[in-house]
Amino acid sequence: MGLKTLDKITAALENRPAELEQLRKQGKKVVGWLAYNIPEEIIYALGLIPIRIGQGGDGRLVEVGARHISTKNCVFVRQVLGQFAEKTDPYIKQLDLVAIDATCIQLYRLEELINFYFDYNTIVLGVPRNFATTEGHEYFRKEVEFFTKKLELFAGANLEQSRLEEAIKIYDNIREAIKTLYRYQGLDNAPLSWRQVSSVINAGYNLDRLTYLELLQELIQEIEKNLSEVTGVREIEARIFLSGSLIPPGDTKLIDIIEQLGGRIVGDDLWSGFNFFLNLKITEPTPYGVADAYLDRVPHGSLPYLDLASDGRLANLKHQIKEFNADGVVYHTLRYCDAFTFKAGETKDVLGNVPFLEIHTEYSGSDIEAIRTRVEAFIEMIKSKKEIAELV
Amino acid sequence: MAITAPFSYPESIKEKFIATPGLKFKDGSTVSSAEIWEFMTKEAPRRFPYAFDAGANNMGRFSDDVNFLSGIKRGYLTLTLKDRIMKEHAAGTPTVLVQGGQAMDAYYAAGGLPVRPGLVMQWARNMEEGLSLRQSETLGLNILESGRRKISIDACNQIAAHAAIDNKVVPIDLIAPFLCLRCSDMSFLVETHRNREHDIPRYLVDYPVDHENKPWAAEYIATELRELISKIAALSGRIITDEVIFDEIKLENRGRRIATEIADLWWGAENPPTNSTDFFGIAFLANDFVGDPVAAVDLLEQSKLEIEERVRNNVKGFGVPDNAKRLYICGSCVGPNAHHAQTAGAIFVGRDDSWSCISVPVEEEGDPYLNIAKSMLAYPYEQRTEKRAEWTAEQVKRSRADGVIFMYQWGCNYQSGVARMISDIVKEKAGVVTTFVEVGELGRSEATEQSTNRVEAFIEMV
Ligand code: SF4
Ligand code: SF4
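Focus on the overall build of chain B
Helices and strands together make up the secondary structure of chain B, namely 19 helices and nine strands. In terms of overall dimensions, chain B is globule-like: its C-alpha atoms have a radius of gyration of 21 Å, near the 23 Å expected for 462 residues. Referenced to the eigenvectors of the C-alpha coordinate spread, the extents of chain B come out at roughly 50 × 50 × 45 Å. Relative to its full complement of 462 residues, chain B shows a buried share of 64%. Across chain B, contacts joining residues at least 24 apart in sequence account for 74% of those joining residues at least 6 apart. Just so you have it, chain B exposes about 16900 Å², and 51% of that area is on carbon and sulfur atoms. Considering chain B, the positive charge centre built from 51 side chains and the negative charge centre built from 65 side chains are found 1 Å apart.

This is how it looks when you write it as structure tokens:
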């Protein structure tokens, strides 16, 4: 089904770099941010333009980045570094400030390199590894407060409570809209695919937040209007859930393979995907309130958590697999991403009977055939299991 | 393959050696030099033949400078580590897996026995006695591979220590390291223990990024140190007061001070008074590589006297090449082979990792938790990379190094991330040539040609 709003989103994206150029001429400042715990609401409330950065899937840029870092660092980090080295990306070249949180220390290292080699103005937000403790919360509150002060200086404005409340509302609505889209893509005869939702999320990296929210709401309306028209016979399909290291904009290798082989992606718990929008409820519109809310949402795999039974990330993973009625999990790990790679075996153990396939990969194409063979066997296995189950 | 005769200490030095003082230990016991001699010439070669392998590839090879008598005692402390840990553990002292390269004051003060991953592996390998170097390495590699199979081949060789704990090769009572910004694997490896059959308690003391001028960073660590110390004390049964902690801090500060004084003496000498192995051994003593701070401080004092005498008499350490190229070594958990480097005409004059935490004493008054936290946050090695590199450049200048080698281990993602940047900054600030070498050998002494060749080529270039 062709969704007109998706075309509108694409058009808005095409215009965005020129729009940013105009805004910068008018004195607006652009803050590129990366990672998982940057409170974008605060950037927005200060009248700055937040742009989420970080692309994947481009072996050439990885090579460029590797001139400044080791080939033994995570490929995403290398590619982002390559983006900064080249400065040809229409967004990267318009950044006035780069904000990175230290959820993943490799990203913290990236911040240092961007600052040192490419002369970008950068700011770091510390994130406690012991994120679930009172002292961890206390630390993060102070960090967010400090981060806010630095941003205030940069913006030349003070954070007003009313502006923050307004920003929180916009971001809450964006999160709700993404959740709705996820629900729809997971339906049996879904009006849009996971891939389309993913590209909508990616568009949100760059678009003006209000415009984005309006487009999301329009998209939802369009989907809901057409929902009743959806009919069809249920085919036997392999409903795949994606987990593990991030799959950023531009990295379609695994997604392509799964879809080409007849698998259907129905959900994910990626930090570049659905997890980012979950369980974030800011109840107190202050930097402290924002800090608590960010720390209390689904934790990132880069933050160690020492008790398996009460791990919120794993609990969310199990819940989402059920929620999206997934048949199997493809656990995607990027080489040298210890955060997710070291947890592969454990995740498999925790998921018990859920079919599980780990794909350990990079952005180069050299392993495509090997991945294809493994994914094919996995999808076949799921389908034949379901066929047998239907027969019984 | 030619078999090299095992290393042994010549009888000619016995008399001189046994006339020197013995060593004191933290449990109040002592050992005489005559007993040390007996151990190092009879018992140890029988029990730990691998340590006496005289092949140049033996990374743990003893120093050839047999007249540097403190070196023999350091060897004694290394080879008795297993016996001492087992004895203490049997007597109720909790063994704690910790991070290396950081001060151990809190652990000892709480009545624990901190063991860093490198020592866990040494201990694990020594659990089987009578092994040749190859056998001992094979034992270590088997443990390492079992960890890699279970977790990931992307891990550095620290995984071997966790596998040794998982496989119950060594008894560890608490897994509770400090984190730091140089080590990518520790936190994730500690996390893997939550999915194991054993139920060893776990705790992490966090280490915040960009902590300069942020009092809340030190407060955060201090709160966690309280928790850490109370967890260890619950196992050791020790009653913890500020005074108990300060006693430990004073002892450790003494070690740090002497090591720093030795470094200054050594760097100021016309001729390097010891070879690389003995010089690095000094830092190892002050940085708790021997499991007993009292013995370490005692031996540091003795080492200092010997070095002072050598400097006074302009004695060059045995094995130091004439006109040796002076190399400063950067990076963690791995370094170039000192014997190969010496043969190629170089000597090591410093090591950023080991010297970092030695260079920061802990305040001896006030709130001991906060003091330890503040000193941890002041380690030059754990600052922002630019600042760390500037400190390194200063060290390079003070040690009059001619070149810098940054080495990092396969799987060491945070070091690999900054190796290039540090090398670039040090090159610019100190005006010396630099290189960086990734080491993929993970604890092997065979098939090490790749990194050895790179180091030797660099020395030639210097
Ligand atoms: S979490 Fe993993 S994939 Fe993401 S930046 Fe860190 S190392 Fe790379
Ligand atoms: S090699 Fe690197 S990652 Fe491994 S233990 Fe050492 S510092 Fe940590």
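Here's the deal with the domain arrangement of chain A
Residues and elements named next belong to chain A. Partitioning chain A into domains gives domain 1 (8–163) and domain 2 (232–391). A C-alpha centroid distance of 25 Å is found between domain 1 and domain 2. Contacts between the two partners involve 43 residues from domain 1 and, on the opposite side, 32 residues from domain 2. Taken over both partners, the interface formed by domain 1 and domain 2 buries close to 3400 Å², and the fraction arising from carbon and sulfur atoms is 66%. When the buried surface of domain 1 facing domain 2 is broken down by residue, Tyr36, Phe131 and Arg141 rank first, second and third, together holding 25% of it. Counting across the domain 1 and domain 2 interface gives two salt bridges.

Description of the site of ligand 2
Taken together, the residues surrounding ligand 2 are Cys156, Gln158, Arg182, Cys183, Ser184, Asp185, Ser332, Cys333, Gln409 and Cys412 of chain B. The class makeup of the residues in the shell around ligand 2 is four nonpolar, four polar and two charged.

Cut-offs applied
Residues numbered from 1 in each chain as written. Chains lettered and ligands numbered in written order. Predicted model: local features only at pLDDT ≥ 70, side-chain atom pairs only at ≥ 80, totals over all residues. Heavy atoms only, no water. Helix = DSSP H or I, 4+ residues; strand = E, 2+ residues; numbered from the N terminus. Rg over C-alpha atoms; globule rule 2.2 N^0.38 Å. Buried < 20%, exposed > 50% of the residue type's maximum accessible area, 1.4 Å probe, protein only. Contact = heavy atoms within 4.5 Å. Areas by Shrake-Rupley, 256 points an atom, 1.4 Å probe, with all protein chains shown as cover. Lys, Arg positive; Asp, Glu negative; His and termini not counted. Charge placed at Lys NZ, Arg CZ, Asp CG, Glu CD. Domains from an automatic or database assignment. Buried area = accessible area lost by both parts, 1.4 Å probe. Salt bridge = Lys/Arg side-chain N within 4 Å of Asp/Glu carboxyl O. Near = heavy atom within 4 Å. Nonpolar A, V, L, I, M, F, W, Y, C, P; charged D, E, K, R; others polar.

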